[in-house]
Amino acid sequence: MELLGKSKNELRDFCISLGEPAYRGGQIYHALYVGRKSSVREISNLPASLRERLPAEATITWPTVRQTYASQDGSVRYLLGLPDSGADAKRKSGPASVEVVFMPSTGRQTICISTQAGCAVDCQFCLTAQLGLIRNLTPGEILAQVLLPLELHKAQLAPQTNLVLMGQGEPLLNFDAVMAALRIILDPEALAISPKHVTLSTSGIIPGIERLAQEKIRPKLAISLNASNDEQRDSIMPINRKYPLAALLAACQKYPLRPWEHLTFEYVMLGGVNDSAEDARRVVRLLANLKSVKVNLIPWNPGELPYHESSPESIEAFRKILVDRGVPAFVRYSRGRDVMAACGQLALLNIAPVNANGAATQH
Ligand code: SF4
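Residues numbered from 1 in each chain as written. Predicted model: local features only at pLDDT ≥ 70, side-chain atom pairs only at ≥ 80, totals over all residues. Heavy atoms only, no water.

1. Some thoughts on the sheet that holds strand 3 (residues 97–105)
Sheet strands pair by backbone hydrogen bonding; their relative direction is either parallel or antiparallel.
Next up, step 1: Read from one edge to the other, the open sheet built from 10 strands follows the order 1-2-3-4-7-8-9-10-11-12, with strand pairing classed as mixed. What marks the edges here is a single partner per strand, and that holds for strand 1 (64–70) and strand 12 (329–331). Across the sheet, the mean angle from the axis of one strand to that of its neighbour is 20 degrees, orientation sign disregarded.
Next up, step 2: In this sheet, strand 2 (residues 76–81) lies alongside strand 1 in antiparallel orientation, the contact comprising six bridges. Following the sheet pairing, Gln67 is matched in strand 2 by Leu79. (Pairing = 2+ DSSP bridges. Helix = DSSP H or I, 4+ residues; strand = E, 2+ residues; numbered from the N terminus. Axes fitted to C-alpha atoms, helices over the stretch in contact; angles between N-to-C directions.)

Shown next, in the form of structure tokens:
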């Protein structure tokens, strides 16, 4: 049995099935998610008889690091080889790969993780879309993307870890696996990352937003808006034809925010497409009925796609229109551009690796 990704209850049941007391499941849970053990042989908090038996009964599978790309800004992009799944064996390209980006900064590190290999959503400005959906990740594969960089960088970890679900894939289209992983990530007895420091970003999958609203323990929510009207959004985010702006914003209006929480809207600035003063005024009108919102303006990161960057002047003028009309707006420059680790650049690209001792999609 694969242990990584299992909840405490599942591990208790596993121990009972071995004829062991249920509380041993709690000890394995601690070893997996606090001790970051990557092999059953490393689990040292169990009695000798169980430690001898465990390798025949269970495995812990971390992905392999296929390539490491270190950015000049300190970010590191890891290309991870996933364990072979049954479906992978049938695919010509073999087992799936996925990307995770580690971004250190003063007092904290931010890890950007993927929730699917590739993505089916087809946002026109995002390189990941060109991969199509390869497959959903399992809870263990999602968790491993947090555990592995924390372990690789353990000598330099800052006290706070931020997590963003903004890598490859649409998290709300892999809802059950994402929530199973998040319950462990947010559990004070496991990875213990605060919900205030975990952000799930969606392209606007309304049924997923409604399901997330019902979860007792959940991350913060960010909506990838990127357009100021339906016509524009239809052309750059075809998902908008299924979940148009009026319905999306109605779901946002109903979304239950906690007292400390903002609903974040992300807006990728595409030169000449969605960055005019008129676009900014329309965004203000779109968000007028929502409480506690903020807007992150994300300069588009170049890739081989038919777009160009907005000028710094247009971005600042856009931001000022929002702020002057009472909508908090910030410009967020992505990190790791030079190693294709920035927003919208995660497409398994092989560029010349540099030594790393130690790097998000666009939504
Ligand atoms: Fe998928 Fe996100 Fe890229 Fe859109 S921006 S194609 S949802 S990975």
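From this point, the narrative continues.
2. Looking at the layout of surface pockets
Next up, step 1: Taken as a whole, the second largest pocket holds about 210 Å³ of empty space.
Next up, step 2: Arg36, Leu150, Thr161, Leu191 and Ile193 are, among the 16 residues lining the second largest pocket, the residues nearest its centre.
Next up, step 3: For the lining of the second largest pocket, the residue count by class is 10 nonpolar, five polar and one charged.
Next up, step 4: Each of domain 1 (8–57) and domain 2 (64–339) gives at least three residues to the lining of the second largest pocket. (1 Å grid on protein atoms, 1.4 Å probe; cavity = no way out; pocket = protein on both sides within 12 Å on 5 of 7 lines; lining within 4 Å. Points joined across faces, edges and corners; volume = space filled by probe spheres on them. Nonpolar A, V, L, I, M, F, W, Y, C, P; charged D, E, K, R; others polar. Domains from an automatic or database assignment.)

3. Details of the packing of aromatic side chains
The relative placement of two aromatic rings is captured by the distance of their centres and the angle of their planes.
Next up, step 1: Under the criterion given, the structure shown has three aromatic pairs.
Next up, step 2: The interplanar angle of 80 degrees and the centroid separation of 5.1 Å between the aromatic rings of Tyr29 and Tyr33 together place this pair among those described as edge-to-face. Of the two residues, Tyr29 and Tyr33 both sit in helix 2 (residues 23–33), four residues apart, roughly one turn of that helix.
Next up, step 3: Classification of Tyr29 as buried rests on a relative accessible area of 4%.
Next up, step 4: With a centroid separation of 6.0 Å and 70 degrees between ring planes, the pair formed by Trp300 and Tyr307 is classed as edge-to-face.
Next up, step 5: Its relative accessible area of 2% is what places Trp300 among the buried residues.
Next up, step 6: For the cation-ring pair, Arg77 lies above Tyr69, with the distance from its terminal atom to the ring centre recorded as 4.1 Å. (Phe/Tyr/Trp six-rings, centres within 6.5 Å; stacked < 30°, edge-to-face > 60°. Buried < 20%, exposed > 50% of the residue type's maximum accessible area, 1.4 Å probe, protein only. Lys NZ or Arg CZ within 6 Å of the ring centre and 35° of its normal.)

4. Structural notes on the nonpolar core
Next up, step 1: One finds Tyr33, Leu54, Phe125, Ile185 and Phe265 to be the most contacted residues of the largest nonpolar core, which totals 103 residues.
Next up, step 2: Ranked by the residues each element gives to this core, the list is headed by helix 6 (residues 175–185), at eight residues.
Next up, step 3: When residues no more than four places from it in sequence are discounted, the contact partners of Ile185 are Leu143, Val146, Leu163, Leu191, Ala192, Ile193 and Val198.
Next up, step 4: In terms of nonpolar packing, the next biggest core, distinct from the first, is built from five residues, Val101, Met103, Cys112 and Val164 among them. (Core = buried A, V, L, I, M, F, W, Y, C linked by side-chain atoms within 4.5 Å. Contact = heavy atoms within 4.5 Å.)

5. Here we look at the pairing of strand 7 (residues 160–165)
Side-chain direction in a regular strand flips from residue to residue, so the side chains alternate between the two faces of the sheet.
Next up, step 1: Of all six residues in strand 7, five are buried, a share of seventy percent or more.
Next up, step 2: In this sheet, strand 7 lies alongside strand 4 (residues 108–112) in parallel orientation, the contact comprising five bridges. The residue bridging Gln109 from the neighbouring strand is Thr161, located in strand 7.
Next up, step 3: Pairing between strand 7 and strand 8 (residues 198–202): three bridges, direction parallel. Across the sheet, the residue bridging to Val164 is Thr199, located in strand 8.
Next up, step 4: Assessed by its sense of winding, the connection that carries the chain from strand 7 through helix 6 to strand 8 is right-handed. (Right-handed = clockwise from strand over helix to strand, strands pointing away.)

6. Here's the deal with the pairing of strand 11 (residues 293–299)
Next up, step 1: Burial analysis of strand 11 places seven of its seven residues in the buried class, the great majority of the element.
Next up, step 2: The two faces of strand 11 match: Val293, Val295, Leu297 and Pro299 on one face and Lys294, Asn296 and Ile298 on the other face are all buried.
Next up, step 3: Between strand 10 (residues 263–269) and its parallel partner strand 11, the chain crosses via helix 11 (residues 277–286), and the hand of that crossover is right-handed.
Next up, step 4: Strand direction decides the pairing type here: strand 11 and strand 12, joined by three bridges, are parallel.

7. Considerations on the packing of helix 6 against helix 7 (residues 206–213)
Helices that pack against each other are described as a pair by the angle of their axes relative to one another and the distance between those axes.
Next up, step 1: Interhelical geometry of helix 6 versus helix 7 gives an angle of 30 degrees and a closest axis separation of 12 Å. Comparing the axis directions of helix 6 and helix 7 gives the class roughly parallel. Crossing geometry of helix 6 relative to helix 7 is assigned as right-handed. For the pair formed by helix 6 and helix 7, the contact residues are Phe175, Asp176 and Met179 on the first element and Gly208, Arg211 and Leu212 on the second. (Parallel < 35°, antiparallel > 145°, perpendicular 65-115°, else oblique. Left-handed = near helix turned anticlockwise from the far one by under 90°.)

8. Quick word on the side chain of Asn240
Next up, step 1: Mapped onto the secondary structure, Asn240 falls in helix 9 (residues 239–242).
Next up, step 2: A polar contact of 2.9 Å, which involves the side chain of Asn240, links it to the side chain of Asp230.
Next up, step 3: If we ignore the near neighbours within four places in the chain, the residues touching Asn240 are Asp230, Arg233, Asp234 and Leu245. (Polar contact = N/O pair within 3.5 Å; in protein donor to acceptor, adjacent residues only side chain to side chain.)

9. Some points on unusual backbone geometry
Next up, step 1: Its identity is not glycine, yet Ala192 carries a phi of approximately 55 degrees, on the positive side.
Next up, step 2: As for its position among the elements, Ala192 is in the loop between helix 6 and strand 8.
Next up, step 3: Phi at Ser292 is positive, roughly 50 degrees, even though this residue is not glycine.
Next up, step 4: For Ser292, the position within the fold is in the loop between helix 11 and strand 11.
Next up, step 5: Taking the relative accessible area as the measure of exposure, Ser292 reaches 38% and is therefore partly exposed.

10. Considering the confidence of the model for the protein
Next up, step 1: A residue-level look at the protein finds 89% of positions with pLDDT of 70 or above and a mean pLDDT of 90.
Next up, step 2: Across residues 351–360, where pLDDT falls below 50, the model places 39 contacts with residues more than four positions away in sequence or in other chains. (pLDDT = per-residue confidence, 0-100.)

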